[in-house]
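# Architecture at a glance
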Amino acid sequence: MDPRTFLPPRAQQVRLPPRPGDRAPGLPLALEDGRPAVVAFLRHTGCPFAEQTMRLLREGAALHPEVQWIAVSHAPEPATARWCSAVGGTDGVRVASDPSRRAYADWGLGRTSLGHFLGRRSLLAVGRLARRGVRNRHPHGTRWQSAGTFALDDQGIVRWRHLPEHAGDMADLDSAVPAASRHA
């Protein structure tokens, strides 16, 4: 366990999160033209909620190959790649690394509070995932970084978003796909 992950990161200027109908901000990788996308900004690698999100993204990619599935990590690229391998790979999911957390800030995802990741609801959610075999792994990044998930239509317009109320508040990707696809 790296105790530095518990230290709050340097503050950044964070924009307002894009709302449905807004053009999507830039990403650390290019979107494929003409295809809807689901973009998930992960908590730190090693976080059970990030692992569960990656599982859900892979499942979504298998069921909906017409959609681009993108995960953004704020761990350095080598740590992100090791983590992806450890949690079952990236089948159908493109992964970008954003250690500066600049893309997170551009999408309105800043630092959270201590209660966001150590509050009662998050700890109960950690317990539920642990009973399913999803546990904390060696962390890279910061536990203070907020996650967020967005669905974009084929023109790069945000059509759906999930901004978690606490670390264990997982996005319903079954809602994301039709939101992005119906505008395609």
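Before reading further, recall that the structure is shown in the block above.
The structure reproduced in this document is the subject of the present report. What you see is a predicted model; the values in this text were computed from it and never measured.

With that settled, consider the packing of aromatic side chains. What characterises a pair of aromatic rings is the spacing of the ring centres plus the angle enclosed by the ring planes. One pass over the full model with this rule turns up four aromatic pairs. Ring plane angle 65° and centroid distance 5.0 Å describe the contact between Phe 41 and Tyr 104, whose orientation is recorded as edge-to-face. With a gap of 63 residues between them, Phe 41 in strand S1 (residues 37-41) and Tyr 104 in helix H3 (residues 102-106) connect regions that are remote in the sequence. Exposure class is identical for Phe 41 and Tyr 104. Each is buried. Ring plane angle 50° and centroid distance 5.3 Å describe the contact between Phe 41 and Trp 107, whose orientation is recorded as tilted. Taken together, the residues Phe 41 in strand S1 and Trp 107 in the loop between H3 and helix H4 (114-118) connect sequence positions 66 residues apart. With respect to class, Phe 41 is no different from Trp 107; both count as buried. One aromatic cluster in this structure is built from Phe 41, Tyr 104, Trp 107 and Phe 150.

Turning our eyes to something else, we now look at the environment of Leu 163. Along the chain, Leu 163 falls in the loop between strand S5 (158-162) and helix H6 (173-181). On the basis of relative accessible area, Leu 163 is assigned to the partly exposed category, the value being 31%. With 13 residues separating them along the chain, Leu 163 and Phe 150 place their C-alpha atoms 8.7 Å apart. In this view, Leu 163 contacts Pro 17, Leu 109, Phe 150 and Asp 169; residues no more than four positions away in its chain are not counted.

Turning our attention to the sheet that holds strand S4 (residues 148-152). Taken in spatial order, the five strands of this open sheet run S3-S2-S1-S4-S5, and their pairing is mixed. For this open sheet the edge positions go to strand S3 (93-97) and S5, each flanked by a neighbour on one side alone. With strand direction ignored, the average angle separating the axes of adjacent strands in the sheet is 20°. Bridge count for S4 against S5 is four bridges, and the pairing is antiparallel. Directly across from Phe 150, in S5, lies its bridge partner Arg 161. Along the sheet, helix H1 (residues 48-63) contacts S1, strand S2 (68-73) and S3; its crossing angle with S2, the most-contacted strand, is approximately 165°.

The rules behind these values
- In this convention, every chain numbers its residues from 1, walking through the sequence in written order.
- Residues qualify for local features only when their pLDDT is at least 70, as the model is predicted, and side-chain atom pairs are given and counted only at 80 or more; totals for whole chains, interfaces and linings, by contrast, use all residues.
- Only hydrogens and water are removed before side-chain values are computed, so all heavy atoms of the structure are retained for them.
- Aromatic pairing here means that ring centres of Phe, Tyr or Trp (its six-membered ring) are within 6.5 Å. Orientation follows from the plane angle: under 30 degrees is stacked, over 60 is edge-to-face, and everything else is tilted.
- Numbered from the N terminus, helices here are DSSP runs of H or I no shorter than four residues, and strands are runs of E no shorter than two.
- Accessible area is worked out with a 1.4 Å probe on protein chains only. A residue is then buried under 20% of its type maximum, exposed over 50%, and partly exposed in between.
- Here, two residues are considered to be in contact whenever any of their heavy atoms come within 4.5 Å of each other.
- In this analysis, strands are considered paired if DSSP registers two or more bridges between them.
- Axis angles are defined between N-to-C directions and span 0 to 180 degrees, where every axis is a line fitted to C-alpha atoms and, for a helix, only to the segment in contact.

In short, shape yes, function no, at least from these values alone.
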